[in-house]
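Take a look at the letters that make up each chain.
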Amino acid sequence: MTYLGVDYYPEHWPEEMMGEDLQGIKDMGANIIRIGEFAWHLMEKEEGAFDFSYFDHVIEKAKQHGLDVMFGTPTATFPAWLAQKHPSILSENENGNKRVFGGRRQYCFNSDKYRQYAAGITKQLVQHYKDEEAIVSWQIDNEFGHEGSDMCYCDQCYAAFHQYLENKYDSVGQLNDEWGTIFWGQTYNDFSEIPIPKPTVTTHNPTLKLEWARFRSSSVNGFTHEMTAIVNEHKGSHQTVTTNVSGGFFDKWFDHEENVKPMDFVSYDNYPVWGGLEKPIPPEAIAMTHDFNRGLLDQNYWIVEELMGAQGHDVIGYLPRPNQAKMWSYQAFAHGCSNMLYFRWRGMTKGAEQFCYGVVDHDNVYGRKYKEVQSLFNEIKEHEELLNAEINSDVAVLYDYDNIWSWRSQIQSKDFDFNAELLRLYRPFYRKNTNIDVIPATRDLSTYKVVLVPVMQLMDDTLASRLRTFADEGGTVIFSYRAGLKGRDNNIRLGEVLPGPVRELIGARVEEIESLTAAHQLELQGEGSFAEVPAHISVWRDLLVPEQAETLYSYQDQFYKGYAAVTKNSFGKGSVYYVGGGLSEEALEKIAADVTNDCGIDTIESERDVEVYRRHIGGDSYLFLMNHSDKEKSYGMEKLGPFESRIVKG
Ligand code: GLA
Ligand code: ZN
């Protein structure tokens, strides 16, 4: 069955509204509600006084309306009595300020006290409902690490960090050597002397910063896995476990693939626009988030918070136009979402999210948004088999959190943004309407035809050799700049000509480099079939000297004429492109056209802002059509009104 529903917070409303609400939800075409996240105090008003009677009542009412339930474990918002009794649970910012009660997720992942109480409520809750047939799934906490909650600099984290380092390094001498602490006389005599990277004068040791990031990841994931193990141990066999991933996943301090490993499926919160944005993020940026979430467990995923109304805490912005949120839902289903709940039934009139507008507004009138969700549910429920069909992609984009954290420890170019650089390579293939996987660099590459490797500056020999094998056996690899600069210790290799472990693969060497800004756009000259394709480079440039590779673009500016900016190398049976900087879109689109053509990849031509996504059931092919623009568009014989979306066979 396809679950379609809403996030419902009955505790936010007078008791007498519940029946009408549940009927309205049911009439909208829903068959599930998500409840309970953030309601810890309701379930444990005083320490140890567990009381689930309110939610027993809610679940009974839901069942009377034919609604199943996803229940959120409430550990994202602990009760005030707990913070008062044990202030050590409160996290601390980099300036040593304890976060005060209020807001949410302000707990320390390394607080033994917090883990004890969080484990308590989680165990009691799940044990209480393990036989509840209506509860089909448990959501662990809420959006781990979001809103800055993945960072804590408290003494508990400090002590745990030292333990992490002592466990990892054989001796403080080995650490000194690997970190290069001889620099600036930072040699440690003992692990206890090592700081956590709180603000200091200028900047910290790069390997300290990377190890701190890895430690944060182990802190967040350690807590997640502890709570998940409790749920897995005590839940009913008919119940599944998930957690809801927030946007901005590349900006977080934890490895998401590791975080969700013990889950049955991934859930994602899809907000193409949030807070004071004047417009939504671009279509390819939304698409990429779906491909990332599908990639975490390499399977289709749920959306448990789909945007319908304008959203924000103290500031809101763009209002999704009629049918635009419905189109974003079609886009999500196209990319592998199999079940969807909208955030939230009715916008709350009190508390911090008065301006997180829901399906129904504060006036409680079932208006345009209600009807839009109803029409989406009514249409999509016909496609259950299609929504659960597997997605096979010819193109993969690789990421690695150590690499991302390496860039965050020293961004080198003031305008560097990892998300933007990944999208720079993703976008031209997205515009060819081909399926793309966004996956950890450790994944098996053998089923792909093209592998995109955006700004992989931190690269060990293992990845380099796997990419060599992939190209040697006929694959196409597209690197962007700074590839192979550093080893896993976040240090630059001595005596190795860049791009280091992938120099032979790329067939060129980097002789010099320059950090540019986004505004600093250097004109390039194309060669061969690129001669007529104008291009420029920004943010960064590698000055390349081709060794075996051919030059596709070269620099034109004084002193650097003749250096290559973009190269293509034949390697084994495959091809290897190197994009030596922030290359402009038109040139990348030409590369994507050549590559998809050379590799025989299924592409679909469409007007700009018309996204076409092909899915298969057996021998049948279906197209998801999404018009991301406010203009009339068409695809073949299909007319698409502003923000219109649908599925067509063929
Ligand atoms: C996030 C959270 C929700 C809510 C919404 C508001 O996704 O998961 O609890 O705060 O944002 O848009
Ligand atoms: Zn802490």
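Residues numbered from 1 in each chain as written. Chains lettered and ligands numbered in written order. Predicted model: local features only at pLDDT ≥ 70, side-chain atom pairs only at ≥ 80, totals over all residues. Heavy atoms only, no water.

S.K.: In this structure, what is going on with the nonpolar core? I would like to understand it.
M.R.: Side chains of a nonpolar character, in soluble globular proteins, are inclined to be buried together. Formed by 206 residues in total, the largest nonpolar core has its most connected members in Phe-71, Phe-250 and Phe-479. With ten residues, helix 8 (residues 206-234) is the single largest residue contributor to this core. With residues up to four places along the chain from it excluded, the contact list for Phe-250 reads Met-288, Phe-292, Tyr-399, Tyr-401, Ile-404, Arg-408, Phe-418, Asn-419, Leu-422 and Val-438. (Core = buried A, V, L, I, M, F, W, Y, C linked by side-chain atoms within 4.5 Å. Buried < 20%, exposed > 50% of the residue type's maximum accessible area, 1.4 Å probe, protein only. Helix = DSSP H or I, 4+ residues; strand = E, 2+ residues; numbered from the N terminus. Contact = heavy atoms within 4.5 Å.)

S.K.: It is not clear to me how the coordination of the zinc ion (ligand 2) should be interpreted in this structure. Could you clarify?
M.R.: At the metal site, the zinc ion (ligand 2) is ligated by Cys-108 (SG), Cys-152 (SG), Cys-154 (SG) and Cys-157 (SG), and these contacts range over 2.2 to 2.3 Å. Taken together, the four donor atoms coordinating the zinc ion (ligand 2) span angles of 101 to 120° at the metal, a pattern that classifies the geometry as tetrahedral. Counting gaps between the donor residues of the zinc ion (ligand 2) yields the pattern C-x43-C-x1-C-x2-C. Highlighted residues: Cys-108 in the loop between helix 4 (80-85) and helix 5 (112-129) and Cys-154 in the loop between strand 4 (135-139) and helix 6 (155-168), separated in sequence by 46 residues. We note that Cys-108, like Cys-154, is buried. (Donors = N, O, S within 2.8 Å, 3.2 Å for Na, K, Ca; no water. Tetrahedral: all angles 85-135°; square planar, octahedral: opposite > 155°, others 65-115°.)

S.K.: I tried to follow the domain arrangement of the protein chain on my own but got confused; where do I start?
M.R.: A common way to state how big an interface is: give the accessible area lost once the parts meet. Domain boundaries assigned for the protein chain yield domain 1 (4-91 + 111-146 + 232-387), domain 2 (395-598) and domain 3 (610-649). A separation of 28 Å is found between the C-alpha centroids of domain 1 and domain 3. Counting from both sides, the interface comprises 24 residues of domain 1 and, opposite them, 14 residues of domain 3. Across the interface of domain 1 and domain 3, roughly 1500 Å² is buried in total on both sides, 68% from carbon and sulfur atoms. On the domain 1 side of the interface with domain 3, the three residues burying the most area are Met-327, Ala-334 and Leu-386, jointly 42% of the side's total. For the interface between domain 1 and domain 3, the tally reads zero salt bridges. Taken together, domain 1 and domain 3 are joined by five residue pairs in polar contact (both at pLDDT 80 or more). Of all the secondary structure elements, the ones that give two or more residues to the side of domain 1 that touches domain 3 are helix 10 (283-296), helix 11 (324-334) and helix 13 (384-387). (Domains from an automatic or database assignment. Buried area = accessible area lost by both parts, 1.4 Å probe. Salt bridge = Lys/Arg side-chain N within 4 Å of Asp/Glu carboxyl O. Polar contact = N/O pair within 3.5 Å; in protein donor to acceptor, adjacent residues only side chain to side chain.)

S.K.: Hey, could you run me through the sheet that holds strand 9 (residues 337-343) in this one?
M.R.: Either a parallel or an antiparallel arrangement is found when strands of a sheet pair, and the pairing is made through backbone hydrogen bonds. The strand order 5-4-3-2-1-9-8-7-6 describes an open sheet built from nine strands, whose pairing is parallel. The sheet is open, and its two borders are formed by strand 5 (240-242) and strand 6 (244-245), each paired with just one other strand. Bridge count between strand 6 and strand 7 (residues 267-270): two bridges; the pairing is parallel. Across the sheet, Val-245 pairs through a bridge with Tyr-268, a residue of strand 7. (Pairing = 2+ DSSP bridges.)

S.K.: Any chance you could explain the layout of surface pockets here in plain terms?
M.R.: Taken as a whole, the second largest pocket encloses approximately 630 Å³ of empty space. Around the second largest pocket, the lining comprises 31 residues; the ones closest to its centre are Pro-283, Glu-284, Arg-608, Asp-609 and His-628. Contributing elements (two or more residues each) for the lining of the second largest pocket: helix 10, helix 11, helix 15 (418-430), helix 18 (585-598) and strand 21 (610-617). For the lining of the second largest pocket, the residue count by class is 14 nonpolar, five polar and twelve charged. (1 Å grid on protein atoms, 1.4 Å probe; cavity = no way out; pocket = protein on both sides within 12 Å on 5 of 7 lines; lining within 4 Å. Points joined across faces, edges and corners; volume = space filled by probe spheres on them. Nonpolar A, V, L, I, M, F, W, Y, C, P; charged D, E, K, R; others polar.)

S.K.: Would you mind showing me how to read the packing of helix 1 (residues 18-27) against helix 3 (residues 53-64) here?
M.R.: Helices that pack against each other are described as a pair by the angle of their axes relative to one another and the distance between those axes. Contact geometry of helix 1 with helix 3 gives a least axis separation of 10 Å together with a crossing angle of 45°. Considering their axes alone, helix 1 and helix 3 lie oblique with respect to each other. Seen along the crossing, helix 1 lies across helix 3 with a hand that is right-handed. Taken together, the residues of helix 3 that come into contact with helix 1 (itself represented by Met-18, Gly-19 and Leu-22) are Tyr-54, His-57, Val-58, Lys-61 and Ala-62. Of the residues contributing to the contact of helix 1 with helix 3, the split by class is five nonpolar, two polar and one charged. (Axes fitted to C-alpha atoms, helices over the stretch in contact; angles between N-to-C directions. Parallel < 35°, antiparallel > 145°, perpendicular 65-115°, else oblique. Left-handed = near helix turned anticlockwise from the far one by under 90°.)

S.K.: Please explain the pattern of salt bridges as it appears in this structure.
M.R.: Close approach of charged atoms allows side chains with opposite charge to pair. Here the structure, examined in full by the defined rule, presents 50 salt bridges. Notably, a salt bridge pairs Lys-63 with Glu-132, separated by 2.9 Å at the nearest N-O pair. Remark: Glu-132 occurs in the loop between helix 5 and strand 4 and Lys-63 occurs in helix 3; sequence separation between them is 69 residues. Judged by relative accessible area, which is 37%, Lys-63 ranks as partly exposed. The residue Arg-105 makes a salt bridge to Glu-147 at a minimum N-O spacing of 2.7 Å. Pair noted here: Arg-105 is in the loop between helix 4 and helix 5 and Glu-147 is in the loop between strand 4 and helix 6, with a separation of 42 residues, a long-range link. For Arg-105, a relative accessible area of 4% gives the class buried. Residue Glu-147 is classed as partly exposed on the basis of its relative accessible area of 42%. Salt bridges sharing common partners tie together Lys-168, Glu-211, Arg-214, Asp-400, Asp-402, Asp-460 and Arg-488.

S.K.: Would you mind showing me how to read the site of ligand 1 here?
M.R.: Taken together, Phe-38, Arg-104, Asn-142, Glu-143, Asp-269, Tyr-271, Trp-274, Glu-305, Gln-311, Phe-343, Glu-353 and Cys-356 make up the full set of residues near ligand 1. In this structure, Asn-142 approaches ligand 1 through a side-chain N or O atom, which is 3.1 Å from an oxygen atom. Trp-274 places a side-chain nitrogen or oxygen 2.6 Å from an oxygen atom of ligand 1. Protein chains shield 98% of the accessible area of ligand 1, which is 310 Å² for the free molecule. Of the residues in the shell around ligand 1, the class split is five nonpolar, two polar and five charged. (Near = heavy atom within 4 Å. Areas by Shrake-Rupley, 256 points an atom, 1.4 Å probe, with all protein chains shown as cover.)

S.K.: Would you mind going over unusual backbone geometry with me for this structure?
M.R.: What you tend to see is this: most non-glycine residues have negative phi, and most peptide bonds are trans. In the segment running from Phe-343 into Arg-344, the intervening peptide bond is cis, with an omega of -10°. On the secondary structure map, Arg-344 appears in the loop between strand 9 and helix 12 (368-380). Following Leu-498, the chain continues to Pro-499 via a peptide bond in cis, the omega torsion being 5°. Even without glycine at this site, Thr-202 takes up a positive phi of about 55°. Within the secondary structure, Thr-202 sits in the loop between helix 7 (172-179) and helix 8. Assessed through its relative accessible area of 58%, Thr-202 is described here as exposed. Of note in the backbone geometry, Asn-433 takes a positive phi value of approximately 55° without being a glycine. When you line up the elements, Asn-433 lands in the loop between helix 15 and strand 11 (436-440).

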